[in-house]
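# Commentary on secondary and tertiary structure
Next come the chains, spelled out residue by residue.
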Amino acid sequence: MSATFDIVELATTYASKSPQDILKLAFAEFGDDLWISFSGAEDVVLVDMAWKLNKNVKVFSLDTGRLHPETYRFIDQVRDFYKIDIDIVSPDYTKLEPFVKEKGLFSFYKDGHGECCGIRKIEPLRRKLSGVKAWATGQRRDQSPGTRSAVAVMEIDSAFSTPERVLYKFNPLAQMTSEEIWGYIRMLELPYNSLHERGFISIGCEPCTRPVLPNQHEREGRWWWEEATQKECGLHAGNIISKA
């Protein structure tokens, strides 16, 4: 990384630039130390853009153990489509097994999704990012009005940085809308999760995801039994921290 890399200043400079320009900067600064987060939904657009800039792009995906069968098949589709490795990151069984034994498989319907997501998503992500200098996500401002409406195109990751190590986070798709994402997918005939054909928009774990009705916001299909404005699992907890 260059000594002149000022992410606050660059976030302003690149606020209106294209996702490709943001990714070019990320690769120029971090090279092979940049990882692309692939969630198994329309993050395929981010993977496509990154792959066209760097055929050796590094991609990882979190396997919570509770994903839809269609999502697992989609991950393999993307792996085959781009001929890339996707690093699958799984929960720590020494934490997961006692949790399931004590609370069962559906405790989140009673006491919220925080503890389950902490074990199945946040801990594995923290473990993955502990050896990473920078990562890029497919976050968009229109995904969640309560937590993502002010997502910056690049930032210091306030959730996963440590006193000893600064982690940089890029959100190249921040300004894109759902309509633009799907226009890109259709135009280039990219693979996508077949659940989208059945009314699913925001896709996470099977027990915590459902289709949405016409004119419902996509985030209403996630954790529908909880308060509507703070629908984050913790992967992007910085969005909530920054609003506090």
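Residues numbered from 1 in each chain as written. Predicted model: local features only at pLDDT ≥ 70, side-chain atom pairs only at ≥ 80, totals over all residues. Heavy atoms only, no water.

### Examining the packing of helix 5 (residues 93-103) against helix 7 (residues 114-129)
The geometry of helix 5 relative to helix 7 is characterised by a closest axis approach of 11 Å and an angle of 165° between their N-to-C directions. The orientation of helix 5 relative to helix 7 falls into the category roughly antiparallel. Helix-helix and strand crossings are classified by hand; for helix 5 and helix 7 the assignment is left-handed. Contacts from Lys95, Leu96, Phe99, Val100 and Lys103 of helix 5 reach helix 7 at Glu115, Cys116, Ile119, Arg120 and Glu123. Among the residues forming the contact of helix 5 with helix 7, the class breakdown is five nonpolar, no polar and five charged. (Axes fitted to C-alpha atoms, helices over the stretch in contact; angles between N-to-C directions. Helix = DSSP H or I, 4+ residues; strand = E, 2+ residues; numbered from the N terminus. Parallel < 35°, antiparallel > 145°, perpendicular 65-115°, else oblique. Left-handed = near helix turned anticlockwise from the far one by under 90°. Contact = heavy atoms within 4.5 Å. Nonpolar A, V, L, I, M, F, W, Y, C, P; charged D, E, K, R; others polar.)

### Quick notes on the pattern of salt bridges
Using the criterion set out here, one finds 10 salt bridges in the structure. One salt bridge connects Asp92 with Lys95, and the closest N-O pair in it is separated by 3.2 Å. In this structure, the salt-bridge partner of Arg140 is Asp142, at a minimum N-O distance of 2.9 Å. A relative accessible area of 28% means that Asp142 is categorised as partly exposed. In the salt-bridge network here, residues are joined through shared partners; they are Lys103, Asp111 and Glu115. (Salt bridge = Lys/Arg side-chain N within 4 Å of Asp/Glu carboxyl O. Buried < 20%, exposed > 50% of the residue type's maximum accessible area, 1.4 Å probe, protein only.)

### Looking at the UniProt feature "binding site: [4Fe-4S] cluster" (unreviewed entry) in the protein chain
Following the UniProt record, the feature "binding site: [4Fe-4S] cluster" (unreviewed entry) maps to Cys116, Cys117, Cys205 and Cys208 here. Spatially, the listed residues are clustered: although they cover 93 residues, their C-alpha atoms lie within 10.9 Å of one another. With respect to the helices, strands and loops of the structure, Cys208 is situated in the loop between helix 8 (178-188) and helix 9 (238-241). Contacts of Cys208, omitting those with residues within four sequence positions, involve Phe108, Gly221, Arg222, Trp223, Trp224 and Trp225. (UniProt positions renumbered as here; feature names shortened; annotations may be inferred.)

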